[in-house]
Amino acid sequence: MILHTVNKSPYADQTLLSCLRAASEKDTLLLIEDGVYGALKGGEYSALVESAAPRILVLAPDLEARGLLDKLSTTIATVDYAGFVELTVTHDKVVSWF
Amino acid sequence: MKSFLIITRRSPYGTSYGKEALDAVLMASAFVPVSLLFLDDGVFQIKQHQDADCIEIKDYSPTFAVLEQYDVKNIYVSASSLQHRGLTEKDLVLDVEVISDARIANLLDTNAVVLSF
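Residues numbered from 1 in each chain as written. Chains lettered and ligands numbered in written order. Predicted model: local features only at pLDDT ≥ 70, side-chain atom pairs only at ≥ 80, totals over all residues. Heavy atoms only, no water.

Peer 1: Even after reading the chapter, I still don't get the interface of chain B and chain A, so can you show me in this structure?
Peer 2: The interface is formed by 20 residues belonging to chain B together with 20 residues belonging to chain A. Of the roughly 1,500 Å² buried between chain B and chain A, counting both surfaces, carbon and sulfur atoms make up 54%. Counting every contact that joins chain B to chain A gives two salt bridges. Between K71 of chain A and D91 of chain B there is a salt bridge, and its shortest N-O distance comes to 3.0 Å. Where chain B packs against chain A, one counts eight residue pairs in polar contact (both at pLDDT 80 or more). Looking at the side of chain B that touches chain A residue by residue, the classes come out as seven nonpolar, eight polar and five charged. (Contact = heavy atoms within 4.5 Å. Buried area = accessible area lost by both parts, 1.4 Å probe. Salt bridge = Lys/Arg side-chain N within 4 Å of Asp/Glu carboxyl O. Polar contact = N/O pair within 3.5 Å; in protein donor to acceptor, adjacent residues only side chain to side chain. Nonpolar A, V, L, I, M, F, W, Y, C, P; charged D, E, K, R; others polar.)

Structure below.
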């Protein structure tokens, strides 16, 4: 059970796609920093992210900083910094995609 | 006088390119006619409701409001960049002109100097 983090916008970079190819359904993918752009509803990557194998979460402060709270895909949940820390504890390892 | 087109293509907080593009616009506008184009992830720079305090970064988006006073009146946003990201003109903080890819090609042709950030 792996916690993956992605910090790049899928609209500018292949990092999210690489992560999704490698992640399994037991895993969790947390979108952080510019990675949160992957959680936009109605965007080119929305369908891909919403149907992805791992559970997808978004770091709320990064979403809020970018003004995207009103654009978050309805199927994706957010976590705060404390939730991020908890995820690192409850998963076997963390893999950072950057 | 040579006209400048400044293209800003990066998201606001991952790198400093966006802020540097804005600085370049403000500086160049003192000397020459300047147009500004938000392209690709650059459109995220003018998304409404940004609050960079959440991530302890200085928010430069309020500076866009002074562009008008600097005589930067030609501000463009790529229609296809907005559409790919699920955004519309209503999501933006600035009064901008949404333009097609053909218009962008025309801007590249008609401006003497093009700077891309």
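Now, onward.
Peer 1: Where do I start with the pattern of salt bridges in this structure?
Peer 2: Where charged atoms from two side chains of opposite charge come close, those side chains can pair. Here the structure, examined in full by the defined rule, presents nine salt bridges over all chains. Between D71 of chain B and K73 of chain B there is a salt bridge, with its nearest N and O atoms 2.6 Å apart. Take D71 of chain B: its relative accessible area is 57%, and that puts it in the exposed class. Three or more residues are tied together by salt bridges with common partners; here these are D34, D62 and R66 of chain A. (Buried < 20%, exposed > 50% of the residue type's maximum accessible area, 1.4 Å probe, protein only.)

Peer 1: Would you take a moment to explain the side chain of D62 of chain A for this structure?
Peer 2: Within the secondary structure, D62 of chain A sits in helix α3 (residues 60–65). Polar side-chain contacts of D62 of chain A include one of 2.7 Å to the backbone nitrogen of E33 of chain A. Sequence-distant contacts of D62 of chain A, that is, excluding residues within four places in its chain, are made with I32, E33 and V36 of chain A together with I55 of chain B. (Helix = DSSP H or I, 4+ residues; strand = E, 2+ residues; numbered from the N terminus.)

Peer 1: Where do I start with the side chain of N7 of chain A in this structure?
Peer 2: Residue and element names in this part refer to chain A. Secondary-structure assignment places N7 in the loop between β1 (2–6) and α1 (15–22). Side-chain polar atoms of N7 contact the side chain of K8, separated by 3.3 Å. For N7, the residues in contact, after removing those within four places along its chain, are I32, E33, D34, G35, W97 and F98.

Peer 1: What is the right way to look at the environment of D13 of chain A in this model?
Peer 2: Residue and element names in this part refer to chain A. Among the structural elements, D13 can be located in the loop between β1 and α1. The exposure class assigned to D13 is partly exposed, which follows from its relative accessible area of 28%. For the pair formed by D13 and F98, sequence separation is 85 residues and the distance between their alpha carbons is 9.6 Å.

Peer 1: I keep staring at the layout of surface pockets and nothing clicks. Help me out?
Peer 2: To locate leftover empty space, one rolls a probe as large as a water molecule over the atoms. Taken as a whole, the largest pocket spans an internal volume of roughly 330 Å³. Lining the largest pocket are 17 residues; nearest its centre among them are K8, A12 and D34 of chain A together with S11 and T15 of chain B. Looking at the lining of the largest pocket, its residues break down into two nonpolar, five polar and 10 charged. A volume near 160 Å³ is recorded for the second largest pocket. (1 Å grid on protein atoms, 1.4 Å probe; cavity = no way out; pocket = protein on both sides within 12 Å on 5 of 7 lines; lining within 4 Å. Points joined across faces, edges and corners; volume = space filled by probe spheres on them.)

All we've got here are geometric facts, nothing functional implied.
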